[in-house]
Amino acid sequence: MIPMKEVTFMEMKKIGIMGGTFNPIHNGHLVIAESAREQFGLQKVWFLPSGRPPHKRETMPASRRCEMVSLAIADNPFFILDRRETESPEISYTYATLEAYKKEDPSTDLYFILGADSLFDFESWRKPEAILQHCSILAAFRRHGRQEEFFQQIDALNQKYPGKFFPLDTPSLEVSSQDIRSRVRHGRSIRYLVPREVGAYIQAHHLYEGGALGDEPSGN
Ligand code: ATP
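Residues numbered from 1 in each chain as written. Predicted model: local features only at pLDDT ≥ 70, side-chain atom pairs only at ≥ 80, totals over all residues. Heavy atoms only, no water.

Observations regarding the overall build of the protein
Alright, step 1. Regarding its fold elements, the protein presents ten helices and six strands.
Alright, step 2. With 220 residues in all, the protein has 45% of them scored as buried.
Alright, step 3. Within the protein, contacts between residues separated by at least 24 positions form 78% of all contacts whose residues are at least 6 apart in sequence. (Helix = DSSP H or I, 4+ residues; strand = E, 2+ residues; numbered from the N terminus. Buried < 20%, exposed > 50% of the residue type's maximum accessible area, 1.4 Å probe, protein only. Contact = heavy atoms within 4.5 Å.)

Okay, here's the thing in C-alpha cells:
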C-alpha cells in the first residue's frame, strides 16, 4: 500500500492566482504570471478579476474587464479566467475566495501573485493571517519603488509570517492600467503594452476615451 503522505504529495497541485482589477489587463500582469508559473512550477494560473474592488471606487463593468482578460490569455494553455468574484453581488475579499478554493480542493497548494505595491499594502487587506493560512505570496518588483526596499519588505513580512513570501524573478515592465487608460484618453499608442487583441477590443468599444471608469482610486 502506498503510504498516505506520498499519495498526498503526488496529488498536490500547485496553482497560481493572479488577482487584479484588470482595468484593463496589460503585459505587466501577463509577464509576472508567466514568470511565476515557470519559476514555481505552477500547473495553472487562474486570473481572478475583482468584482467590486474594496479600494477602487469606479471601475469598468466586470463583463468588459473579463472579456479583455479572456482575449489576453487565450494563447496560453496554462492561464484560466475565473469569474467568481465578478459574479458575486457582495464585495469579494481575497481571504474568502482563498477559503473557497481550499474547500473545493484541499489538495491544492495556492500561490497568490502580486506586484510590489500590493506587497506594501498587504497588511491592510482584510484578514491577512487568513490569507496566509491558504497560500504563499509571490511578489514582483515594480520599477516605481526602490528594489532594496522591496527585498526589505519581503524579509520583514517573512519575519512575521515565516516562509510565506517569495520574490519573483521577472522582467520588470513599467506599465500600469492607469497608464493605459491615460494613454487612450490622450490618443496615445498602447501598442506593445497590452496584447494586440486587447488593444483592438479597447479601440472597437471606445473604452477609456472619456476618462471615466477607473481613474479615482480611493484607498482601502
Ligand atoms: P491601476 O494602475 O489601475 O492601479 P494596476 O496596473 O496596478 O492597476 P491591477 O489590476 O490593480 O493593475 O493589478 C493587479 C496586480 O498586478 C497587483 O498586485 C499589481 O501590483 C500587479 N501589477 C500590475 N502591473 C504590474 C507591473 N507592471 N509589474 C508588476 N506587477 C504589476
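Some thoughts on the site of the ligand
Alright, step 1. Around the ligand, the surrounding shell holds 21 residues, and the nearest of these are D117, S118, L173, S177 and Q178.
Alright, step 2. The separation between an oxygen atom of the ligand and a polar main-chain atom of F22 is 3.0 Å.
Alright, step 3. With respect to the ligand, the backbone of V175 contributes an N or O atom lying 2.9 Å from a nitrogen atom.
Alright, step 4. In isolation the ligand exposes 600 Å². Once the protein is present, 90% of that is buried.
Alright, step 5. Secondary-structure elements contributing two or more residues to the shell around the ligand are β1 (13-20), α2 (27-40), β4 (108-115), α6 (116-121) and α9 (177-185). (Near = heavy atom within 4 Å. Polar contact = N/O pair within 3.5 Å; in protein donor to acceptor, adjacent residues only side chain to side chain. Areas by Shrake-Rupley, 256 points an atom, 1.4 Å probe, with all protein chains shown as cover.)

Re helix α5 (residues 94-104)
Alright, step 1. If you check which residues of α5 are buried, you get Y95, T97, L98, Y101 and K102. Looking straight down α5, one finds its buried side chains confined to an arc of 160°; they lie on one side. Pointing more than 90 degrees away from the buried face of α5 are the exposed residues K103 and E104.
Alright, step 2. On its buried side, α5 packs onto β1, β2 (44-49), α4 (84-87), β4, α7 (128-134) and β5 (135-140). (Arc of directions from axis to C-beta.)

A short note on the pairing of β4
Alright, step 1. Of all the eight residues making up β4, seven are buried; the element is thus mostly covered by neighbouring parts of the structure.
Alright, step 2. Where β1 and β4 come together, six bridges link them in parallel fashion. Looking at the pairing, I15 lines up with L110 of β4.
Alright, step 3. As defined by bridge partners, β4 adjoins β5 across six bridges and the pair is classed as parallel. Bridged to L110 within β5 is C135. (Pairing = 2+ DSSP bridges.)

Digging into the confidence of the model for the protein
Alright, step 1. In this model, the protein carries a mean pLDDT of 89, and residues with pLDDT of at least 70 account for 88%.
Alright, step 2. Predicted confidence for residues 1-9 stays below pLDDT 50, and this span has one contact to residues more than four positions away or in other chains.
Alright, step 3. Per-residue pLDDT stays below 50 along residues 216-220; that stretch engages in twelve contacts with residues further than four places along the chain or on separate chains. (pLDDT = per-residue confidence, 0-100.)

Looking at the side chain of H26
Alright, step 1. Tracing the backbone shows H26 in the loop between β1 and α2.
Alright, step 2. Here the side chain of H26 touches G28 through a polar contact of 3.0 Å, landing on its backbone nitrogen.
Alright, step 3. In this structure, H26 is in contact with V175, S176, S177, I180, L193 and V194, ignoring residues within four places of it in sequence.

Thoughts on the sheet that holds strand β3 (residues 79-81)
Alright, step 1. The six strands are arranged β3-β2-β1-β4-β5-β6 in an open sheet whose pairing can be described as parallel. Strands at the two margins of the open sheet, each flanked by one partner only, are β3 and β6 (165-167). The sheet shows a mean angle of 30° between the axes of neighbouring strands, taken without regard to direction.
Alright, step 2. With respect to the sheet, α5 is in contact with β1, β2, β4 and β5, its orientation differing from that of β4 by roughly 155°. (Axes fitted to C-alpha atoms, helices over the stretch in contact; angles between N-to-C directions.)

Here we look at the pattern of salt bridges
Alright, step 1. For the coordinates displayed, the defined rule picks out nine salt bridges.
Alright, step 2. The closest approach of N and O atoms between D105 and K13, which form a salt bridge, is 2.6 Å. Of this pair, D105 sits in the loop between α5 and β4 while K13 sits in strand β1, placing them 92 residues apart in sequence.
Alright, step 3. With relative accessibility at 22%, the residue D105 sits in the partly exposed group. (Salt bridge = Lys/Arg side-chain N within 4 Å of Asp/Glu carboxyl O.)

A short note on the pairing of β2
Alright, step 1. Counting buried residues in β2 gives five out of six residues, a clear majority hidden from the surface.
Alright, step 2. In the sheet, β1 pairs with β2 via six bridges, with the strands oriented parallel. Counterpart to G16 in the pairing with β2 is V45.
Alright, step 3. Regarding the hand of the β-α-β motif, the stretch spanning β1, α2 and β2 is right-handed.
Alright, step 4. Where β2 meets β3, three bridges bridge the pair, whose relative direction is parallel. Residue W46 lies in a different strand from β3, and its bridge partner there is I80. (Right-handed = clockwise from strand over helix to strand, strands pointing away.)

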